Amino acid sequence: MATTDPMRIIAGRVSLDDVMAELSRHRPVFHSEADLQHSFARVLWELAPDVHSRLEVPQRGPGKTEYLDLLCLGPEGRTAIEFKYFTRGWTGKAGTPVEDYALKAHGATDLARLHFVRDIARLERFCRRPDQNGLALMLSNEASLWTPPGPGRRRTRDHDFRIHHGRGLAGTLLWAEGTYEPNTCTLRGTYPLKWETYSEPSGAGGEFREFRYLAVSVGASEGGADEATSA
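Thresholds, definitions, all that
Sequence order sets the numbering: in each chain, residues are counted from 1 along the sequence as written. Note on the predicted model: pLDDT of at least 70 is required for a residue's local features to be given, and 80 or more for side-chain atom pairs to be given and counted; whole-chain, interface and lining totals, by contrast, use all residues. Values reported for side chains reflect all heavy atoms of the structure, with hydrogen atoms and water molecules removed beforehand. Every helix listed is a DSSP run of H or I at least four residues long, and every strand listed is a run of E at least two residues long, numbered separately from the N terminus. In this description the radius of gyration comes from C-alpha coordinates, and the expected globular size is given by 2.2 Å times residues to the power 0.38. Throughout, exposure labels follow a simple rule: accessible area from a 1.4 Å probe, protein chains only, divided by the maximum for the residue type, with under 20% read as buried, over 50% as exposed, and the rest as partly exposed. Any two residues whose heavy atoms approach within 4.5 Å are treated as being in contact. To measure how exposed things are, a 1.4 Å probe is used in the Shrake-Rupley method; for residues, cover is taken only from the protein chains shown. In this tally Asp and Glu are treated as negative and Lys and Arg as positive; neither His nor the chain ends contributes. Just so you know, the charge point we use is NZ for Lys, CZ for Arg, CG for Asp and CD for Glu. Stacked, tilted and edge-to-face pairs are distinguished by plane angle, under 30 degrees for stacked and over 60 for edge-to-face with tilted covering the rest, among Phe, Tyr and Trp rings (Trp via its six-membered ring) whose centres lie within 6.5 Å. Expected span, for any helix, means 1.5 Å times one less than how many residues it has. A pair is scored as a salt bridge if a Lys or Arg side-chain nitrogen falls within 4 Å of a carboxyl oxygen belonging to Asp or Glu. Buried Ala, Val, Leu, Ile, Met, Phe, Trp, Tyr and Cys residues that are joined via side-chain atoms within 4.5 Å together make up what is termed a nonpolar core. Throughout, a disulfide means two cysteine sulfur atoms within 2.5 Å of one another. The pairing criterion for strands is at least two bridges between them, as found by DSSP. Think of pLDDT as the predictor's per-residue confidence, scored from 0 to 100.

Attention now moves to the overall build of the protein. Along the protein, the regular secondary structure elements total four helices and 13 strands. A globule of 231 residues ought to have a C-alpha radius of gyration of about 17 Å, and the protein, at 18 Å, matches this closely. Oriented by its inertia axes, the alpha-carbon framework of the protein measures out at about 55 × 50 × 30 Å. Out of the 231 residues belonging to the protein, those deemed buried represent 50%. Here the analysis covers contacts within the protein between residues at least 6 apart in sequence; of these, 60% occur between residues at least 24 apart. Summed over all atoms, the accessible surface of the protein reaches about 10,900 Å², with 51% contributed by carbon and sulfur. Each charge class in the protein was averaged separately, 29 positive and 31 negative side chains, and the resulting centres sit 3 Å apart.

Inspection of every chain in the model, using the stated rule, returns seven aromatic pairs. Ring geometry for F30 versus Y85: centroids 6.1 Å apart, planes at 85°, classification edge-to-face. Taken together, the residues span a long stretch of sequence, with F30 in the loop between α1 (16–26) and α2 (33–47) and Y85 in strand β5 (residues 77–86) at a distance of 55 residues. An identical accessibility class is assigned to F30 and Y85; each is buried. Both rings, one in Y85 and one in F211, keep their centres 6.5 Å apart while their planes meet at 15°; by these two values the pair is stacked. With a gap of 126 residues between them, Y85 in strand β5 and F211 in strand β12 (residues 211–218) connect regions that are remote in the sequence.

If you check α2, its first and last C-alpha atoms are 21 Å apart, about what 15 residues at 1.5 Å a residue would give, namely 21 Å. Looking at α2, one finds that the buried residues are D35, L36, Q37, S39, F40, A41, V43 and L44.

In this structure the tally under the stated criterion is 20 salt bridges. The closest approach of N and O atoms between R13 and E76, which form a salt bridge, is 3.0 Å. Here R13, found in the loop between β1 (9–10) and β2 (14–15), pairs with E76, found in the loop between β4 (64–74) and β5; they are 63 residues apart in sequence, far enough to count as distant. Here R122 and E66 are joined by a salt bridge, their closest N and O atoms 3.2 Å apart. Placement of R122 in helix α3 (residues 109–126) and of E66 in strand β4 is noted, with a sequence separation of 56 residues between them. Take R122 and E66: they sit in the same class, and that class is buried.

Further remarks concern the nonpolar core. Core analysis: the largest hydrophobic core is formed by 32 residues, its most contacted members being I10 and F40. Elements with a minimum of two residues in this core: α1, α2, β4, β5, β6 (90–94), β7 (99–103), β8 (132–140) and β12. At five residues, the largest contribution of residues to this core is made by α2. Each residue touching F40, except ones within four places of it in the same chain, is listed here: I10, L16, V19, M20, L23, L70, I81, F83 and L137. Judged by nonpolar contacts, the second largest core, of 31 residues, contains V57, L71, L114 and V216.

Turning our attention to the state of the cysteines. Simply put, disulfide is the name for a covalent bond between the sulfur atoms of two cysteines. Applying the stated criterion to the full structure yields zero disulfides. C72 takes part in no disulfide bond, and the closest cysteine sulfur to it belongs to C127, at a distance of 11 Å. Residue C72 is classed as buried on the basis of its relative accessible area of 0%. The thiol of C185 is not disulfide-bonded; the next cysteine sulfur, from C127, is found 15 Å away.

Counting buried residues along β12, seven of its eight residues qualify, which places the element largely inside the surrounding structure. The sheet contact formed by β8 and β12 spans seven bridges and is antiparallel. Note on β12: the bridge partner recorded for G134 is V218. With four bridges joining them, strand β11 (residues 195–199) and β12 adopt antiparallel strand pairing. Looking at the pairing, S199 lines up with F211 of β12.

Atomic detail in the predicted coordinates should be set aside for any region of low pLDDT. For the protein, the mean per-residue pLDDT works out to 91, and 93% of the residues sit at or above 70. The low-confidence segment residues 223–231 (pLDDT under 50) makes 30 contacts with residues lying over four places distant or belonging to another chain.

If you want it as structure tokens, here you go:
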């Protein structure tokens with residue numbers, strides 16, 4: 001396997017690194033987040049046929065039901081995965097077979113960071129079984145997500161939620177220095193952030209738009225007291 005970190009092993013069978021490497025060979029770009037989820041599940045099955053994938057699995061807790069993007073069930077473990085696919089505008093041909101892509105610009109990078117951090121917090125709630133780990137996965141061609149802010153840059157409302165390469169996430173994160181409490185997010189674990197190269201497809205006019213991915217591993221030890229069960 002490409003990694004010995006047990007937290008990056010999916011359902012006790014295959015490493016995330018191996019899945020992403022195989023996925024990028026044929027699908028350097030995706031049309032949508034749903035396209036990414038489906039393609040990821042297919043490659044996972046090709047590499048580990050005894051791992052079963054379930055999309056949009058309900059997680060029922062006190063007073064509410066949340067939905068998990070992908071639950072991977074293997075004979076030796078389970079992995080809960082949340083996906084985010086955030087893009088800048090890009091058009092080009094890519095993949096096997098070759099397809100035409102026209103990606104829209106999502107624009108709101110502050111909300112992309114907020115939603116990704118919320119995914120980590122959700123996985124902390126979902127991963128309560130001793131045989132289950134979690135992965136929050138973001139794929140993007142938006143360089144400002146992985147690039148540290150420049151020196152002297154003013155503090156933005158999403159300052160605590162920055163997810164650039166080399167940063168760590170932990171503790172209580174405040175939106176706009178706590179002036180908008182609904183976006184406050186508290187993490188039980190500590191998460192170092194490392195962006196990794198995914199693909200470099202060539203677009204219209206020879207334009208390259210590098211895609212990178214950020215994967216955050218969540219273990220059962222980060223799970224809290226709130227009950228959450230899948231059904």
